[in-house]
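Chain residues, written in single-letter form:
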Amino acid sequence: MKLSVIGCGYLGAVHAAAMASIGHDVVGIDVDERKIAALSAGEAPFFEPGLPELLTQGVAAGNLRFTINMSAAQGAQVHFVGVGTPQQKDSHAADLTYVNAAIDALIPYLNPGDIVAGKSTVPVGTAAVLAERVAPTGATLVWNPEFLREGWAVEDTIDPDRLVVGVPGARTVSATQIVGGLSDMHEDVSSRFARSTTAGSDSTGSTSAALPAEGERAADILREVYHPAVAKGTPFIVTDLATAELVKVAANAFLATKISFINAMAEIAEATGADVTQLADAIGHDARIGRRFLGAGIGFGGGCLPKDIRAFAARAEELGRGESVSFLREVDAINLRRRERAVQLVVDAFDGQVVGKKVTVLGAAFKPHSDDIRDSPALDAAVRLRGLGADVTVTDPQAIENARRQHPQLAYVDDRDDALRGADAVIVVTEWDEYRRDLSPAHASSLVHGKIIVDGRNCLDAAAWRAEGWAYYGMGRP
Ligand SMILES: NC(=O)c1ccc[n+]([C@@H]2O[C@H](COP(=O)([O-])OP(=O)(O)OC[C@H]3O[C@@H](n4cnc5c(N)ncnc54)[C@H](O)[C@@H]3O)[C@@H](O)[C@H]2O)c1
Ligand SMILES: O=c1ccn([C@@H]2O[C@H](COP(=O)(O)OP(=O)(O)O[C@H]3O[C@H](CO)[C@@H](O)[C@H](O)[C@H]3O)[C@@H](O)[C@H]2O)c(=O)[nH]1
């Protein structure tokens, strides 16, 4: 199938390459000439495991190309839109400038019957407005939110844990509502539901939707796009536009809440001498809770969770439902307090005398396996420590170039051991294997000047570091 992917950043470049790898004929379009030049040469413009291989393969095979010309979208059957939706400069709301610009630029090249599939994370209600703008072209707008994690983006795109497609006119109804006869839906709903499930959606208890023809056709086309995942039984959930938009922000709100919950427990643990990592293990054994995303530490960052919870709260306010998600403000506040806490641990380790102390910051990316520094807790800590007068050196296996561009005032060293040499204190803020697994306390001891280590990710073996004579400080653990 011919596809276009508009916006070739962390989401779009991976989406384009992944779609080519499953056999589609893909053109990726972006306004950033440098990015397009790199991608066209088969090079990844950012670090994402597995992406270089897919790019080389697709570009060489001829079914993956990149351009800055929107006219290249003409003739594609599905147009994915994955441009950025950052936080607005002067508010918590999402900035939709790029989405609006991309749709406006695409409209002249749409043919009747085309599908425009929004992938950007947008405030609920955006898709309905865009659908009206697209409608005169005869194309159909659907919303197909993306759940990939950076660092696992290729795998998550090709083999997602679920696919969600919001289509126009759909009213979401659950199988139980229909089967149990509890629905107040129109009487022909069951036959339409049966049609949409036989089209391949539901062997998994997924919900589906009562679809008018346009929505049903759009859902079928998206099933064809994602054919390998659909064939292996990946839940394919068809909803209305608003539900699809909400699914995305609700998922991120839940993940952020889970992290802030455990970080709130870390605060209580700090006041009581308890160990939040043991607490997380213990509650995580309850299958209803689960251990994943209970990693207490310096908190969440990145280009998604922080801005998405803020945009969600801002949108809820606009809808007059601010109080429904007012807890997200607390989630945000807990998260930001952990950054302060990590910095305070360093300051306290020096009895408040941090001025002029050499502090090595291990990590700059917002998480390992990524070079993304958007709203990175690691860099936030580095900047704060420098602001307090420490002599800060930052190292990271992948993110130094991005970090230097954003924070040129910080000192950067590529090599981990060079960065550690002569340090008065070390703080681990991104749990790369290089710091978590491959750095032994004995080796670190041979490099540093002072044996103080702050474990901002609770990723080190506290006993092992202490046994080597280090003053070890974790986040919510003794
Ligand atoms: N990064 C992720 O892990 C991820 C996962 C799921 C959803 N999302 C969402 O996807 C969207 C994109 O995120 P990202 O991380 O890829 O951002 P990004 O900043 O890496 O990429 C956005 C790209 O869009 C391009 N762009 C901007 N305006 C354009 C236009 N008018 N036409 C064509 N291209 C244009 C930019 O040049 C940039 O390359 C956001 O809404 C984000 O919330 C991201
Ligand atoms: O137990 C945990 C897990 C994560 N984090 C931090 O949380 C942030 C986000 O991590 P993660 O969710 O793995 O990264 P992203 O790549 O930003 O992915 C999130 O944001 C994407 C963009 O919306 C979604 O598609 C993904 O499903 C969602 O996980 C990072 O700073 C992590 O260090 C913790 O502090 N503790």
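Just so it is clear, the structure is predicted and the values come from calculations on it, not from any experiment.

Enquirer: Describe in detail the site of ligand 2, supporting the description with residues and values.
Expert: With respect to spatial proximity, 21 residues lie near ligand 2, and among them Leu148, Lys248, Asn252, Gly295 and Cys304 are the closest. Here an oxygen atom of ligand 2 sits 2.8 Å away from a polar atom, N or O, in the main chain of Gly295. Within the side chain of Lys367, an N or O atom sits 3.0 Å from an oxygen atom of ligand 2. For ligand 2, whose unbound accessible area comes to 690 Å², protein coverage reaches 89%. For the shell around ligand 2, the elements supplying multiple residues, two or more each, are α11 (241-272) and α13 (305-318). Per-element accounting of the shell around ligand 2 gives the leading share, 4 residues, to α11. A breakdown of the residues in the shell around ligand 2 according to their chemical character gives 10 nonpolar, 4 polar and 7 charged. Inspection of the shell around ligand 2 shows a minimum of three residues originating in each of domain 1 (2-170 + 211-234) and domain 2 (275-478).

Enquirer: Let's hear about the side chain of Thr393: which residues, and what values?
Expert: Along the polypeptide, Thr393 turns up in strand β12 (residues 391-395). Those residues in contact with Thr393 that sit more than four places away from it in its chain are Val359, Thr360, Val361, Ala411, Val413 and Ala419.

Enquirer: Explain the site of ligand 1 to me, and be specific about the residues and the numbers.
Expert: In the vicinity of ligand 1, 27 residues are found, and the nearest of them are Leu11, Asp30, Lys35, Thr85 and Lys307. In the environment of ligand 1, an oxygen atom lies 3.1 Å from a nitrogen or oxygen atom belonging to the backbone of Tyr10. Between ligand 1 and Lys307 there is a distance of 2.5 Å, counted from an oxygen atom to a side-chain nitrogen or oxygen. Taking 830 Å² as the accessible area of ligand 1 by itself, protein coverage stands at 89%.

Enquirer: Quick rundown of the UniProt feature "domain: UDP-glucose/GDP-mannose dehydrogenase C-terminal" (unreviewed entry) in the chain? Include the residues and the values.
Expert: Following the UniProt record, one finds the feature "domain: UDP-glucose/GDP-mannose dehydrogenase C-terminal" (unreviewed entry) at residues 360-462. Note that residues 360-462 is 32% helix and 17% strand, and that its end C-alpha atoms are spaced 18 Å apart.

Enquirer: Report on the confidence of the model for the chain, specifying residues and quantitative values.
Expert: Detail in the predicted coordinates should be disregarded across regions flagged by low pLDDT. Across the chain, the average pLDDT comes to 92, with 91% of residues at or above 70. Residue range residues 173-206 is modelled with pLDDT below 50. Its contacts to residues more than four positions away, or to other chains, number 45 contacts.

Enquirer: I'd love a proper account of the UniProt feature "active site" (unreviewed entry) in the chain, names of residues and values included.
Expert: On the UniProt side, "active site" (unreviewed entry) is annotated at positions that read Cys304 here. Residue position: Cys304 is located in the loop between α12 (276-284) and α13.

Enquirer: Talk me through the pattern of salt bridges; I want residue IDs and the actual numbers.
Expert: A side chain of one charge can pair with a side chain of the opposite charge when the charged atoms of the two come close. Scanning all chains against the criterion turns up 30 salt bridges. Glu431 is paired through a salt bridge with Arg457; the nearest N and O atoms lie 3.5 Å apart. Placement of the pair is Glu431 in the loop between β14 (425-428) and α18 (433-436) and Arg457 in the loop between β15 (452-455) and α20 (462-467), with a sequence separation of 26 residues. Residue Glu431 is classed as partly exposed on the basis of its relative accessible area, which comes to 26%. A network of salt bridges, in which partner residues are shared, links Arg310, Asp332, Arg339, Asp375, Asp380 and Arg384.

Enquirer: Explain the sheet that holds strand β11 (residues 358-362) to me, using residue names and the numbers behind them.
Expert: Reading across from one edge, β13-β12-β11-β14-β15-β16 is the order of the 6 strands in this open sheet, with parallel pairing throughout. Taken across any chain shown, the strands that pair with only one partner, and hence form the sheet edges, are β13 (411-412) and β16 (471-473). With respect to the sheet, helix α14 (residues 327-349) is in contact with β11, β14, β15 and β16, its orientation differing from that of β15 by roughly 165 degrees.

Enquirer: I'd like to hear about the environment of Phe254, residue by residue, with values.
Expert: Within the fold, Phe254 resides in helix α11. Relative accessible area serves as the criterion here: at 58%, Phe254 is assigned to the exposed category. Taking C-alpha positions, Phe254 is 17 Å from Asp286, a pair spaced 32 residues apart along the chain.

Enquirer: With reference to specific residues and values, describe α12.
Expert: Taken residue by residue, α12 has Val276, Thr277, Ala280 and Gly284 as its buried positions. For α12, the angular spread of buried residues about the axis comes to 105 degrees, placing them on one side. Looking at α12, the residues exposed on the side facing more than 90 degrees away from the buried face are Gln278 and Ala282. In this fold, the buried residues of α12 make contact with α11.

Enquirer: Tell me about the nonpolar core, residues and numbers included.
Expert: By size, the foremost hydrophobic cluster in this structure holds 51 residues, and its most contacted members are Leu385 and Ile427. Among the secondary structure elements, those contributing two or more residues to this core are α14, β11, α15 (377-387), β12, α16 (400-406), β14, β15 and α20. A per-element tally of this core places α14 first, with 6 residues. The next biggest cluster of nonpolar side chains, apart from the first, holds 43 residues, and it includes Leu51, Ile115, Val165 and Val238.

Enquirer: Help me get a handle on the packing of aromatic side chains, residues and values and all.
Expert: The geometry of two aromatic rings is summed up by the distance between their centres and the angle between their planes. Applying the stated criterion across every chain, the model contains 4 aromatic pairs. Relative to Trp432, the ring of Phe47 has its centre 6.4 Å away and its plane inclined at 55 degrees; by these criteria the two rings are tilted. With Phe47 in the loop between α2 (33-40) and α3 (51-61) and Trp432 in the loop between β14 and α18, this residue pair connects regions lying 385 residues apart in the sequence. Given a relative accessible area of 25%, Phe47 falls into the partly exposed group. Overall, the relative accessible area of 5% leaves Trp432 in the buried class. Arg162 extends its terminal NZ or CZ atom over the ring of Phe147, reaching a point 3.6 Å from the ring centre.

Enquirer: Residues and numbers for the domain arrangement of the chain, please.
Expert: What the domain assignment reports for the chain is domain 1 (2-170 + 211-234) and domain 2 (275-478). For domain 1 and domain 2, the distance between their C-alpha centroids amounts to 33 Å. Contact residues are listed per partner, giving 18 residues for domain 1 and 19 residues for domain 2. Both faces combined, the contact of domain 1 with domain 2 buries some 1,600 Å², and carbon together with sulfur accounts for 52% of it. Summed over the shared surface of domain 1 and domain 2, the result is 1 salt bridge. A salt bridge links Glu150 to Arg374, with the shortest nitrogen-to-oxygen separation between them at 3.3 Å. The interface formed by domain 1 and domain 2 includes 9 residue pairs in polar contact (both at pLDDT 80 or more). Residue composition of the side of domain 1 that touches domain 2, grouped by class: 10 nonpolar, 6 polar and 2 charged.

Each value, and the rule that gives it
- Sequence order as written defines the numbering, with residues in each chain counted from 1.
- The lettering of chains begins at A and the numbering of ligands begins at 1, in the order of writing.
- Residues qualify for local features only when their pLDDT is at least 70, as the model is predicted, and side-chain atom pairs are given and counted only at 80 or more; totals for whole chains, interfaces and linings, by contrast, use all residues.
- Hydrogens and waters are ignored; side-chain quantities use all the structure's heavy atoms.
- In this text, near means that some heavy atom of the residue lies within 4 Å of the molecule or strand in question.
- Polar contact criterion, stated in full: a pair of N or O atoms within 3.5 Å, where within protein one must be able to donate a hydrogen and the other to accept it, and residues adjacent in sequence count only if both atoms are side-chain atoms.
- Note that accessible areas follow from Shrake-Rupley with a 1.4 Å probe, and for residues the cover is restricted to the protein chains shown.
- Helix and strand definitions here come from DSSP, where helices need a minimum of 4 consecutive H or I residues and strands a minimum of 2 consecutive E residues; each element is numbered from the N-terminal end.
- When residues are sorted by character, Ala, Val, Leu, Ile, Met, Phe, Trp, Tyr, Cys and Pro go into the nonpolar class, Asp, Glu, Lys and Arg into the charged class, and all the rest, Gly among them, into the polar class.
- For the domains described, the bounds stem from an automatic or database domain assignment.
- Throughout, a contact is declared for two residues whenever any of their heavy atoms are within 4.5 Å.
- UniProt positions are given in the numbering used here, feature names are shortened, and annotations may be inferred rather than shown by experiment.
- What pLDDT conveys is the predictor's confidence in a given residue, as a value from 0 to 100.
- A side-chain nitrogen of Lys or Arg and a carboxyl oxygen of Asp or Glu constitute a salt bridge if their distance falls within 4 Å.
- Classification of residues uses two cut-offs on accessible area relative to the type maximum, computed with a 1.4 Å probe and protein chains only: under 20% is buried, over 50% is exposed, and between them is partly exposed.
- At least two bridges found by DSSP between two strands are what make those strands a pair.
- Note on geometry: axes are lines fitted to C-alpha atoms, helical ones only across the stretch in contact, with angles between N-to-C directions running from 0 to 180 degrees.
- The directions considered for the arc are those from the helix axis to the C-beta atoms.
- Within this scheme, the nonpolar core is defined by two criteria: the residues are buried Ala, Val, Leu, Ile, Met, Phe, Trp, Tyr or Cys, and they are joined through side-chain atoms within 4.5 Å.
- Two rings belonging to Phe, Tyr or Trp (six-membered ring only in the last case) form a pair when the distance between their centres is within 6.5 Å. Interplanar angles under 30 degrees mark stacking, angles over 60 mark edge-to-face geometry, and anything in between is tilted.
- Each ring is checked for a lysine NZ or an arginine CZ that lies within 6 Å of its centre and within 35 degrees of its normal; such an atom marks a charge sitting over the ring.
- A simple way to read buried area is as the amount of 1.4 Å-probe accessible surface that goes missing from two parts once joined, with both sides added.

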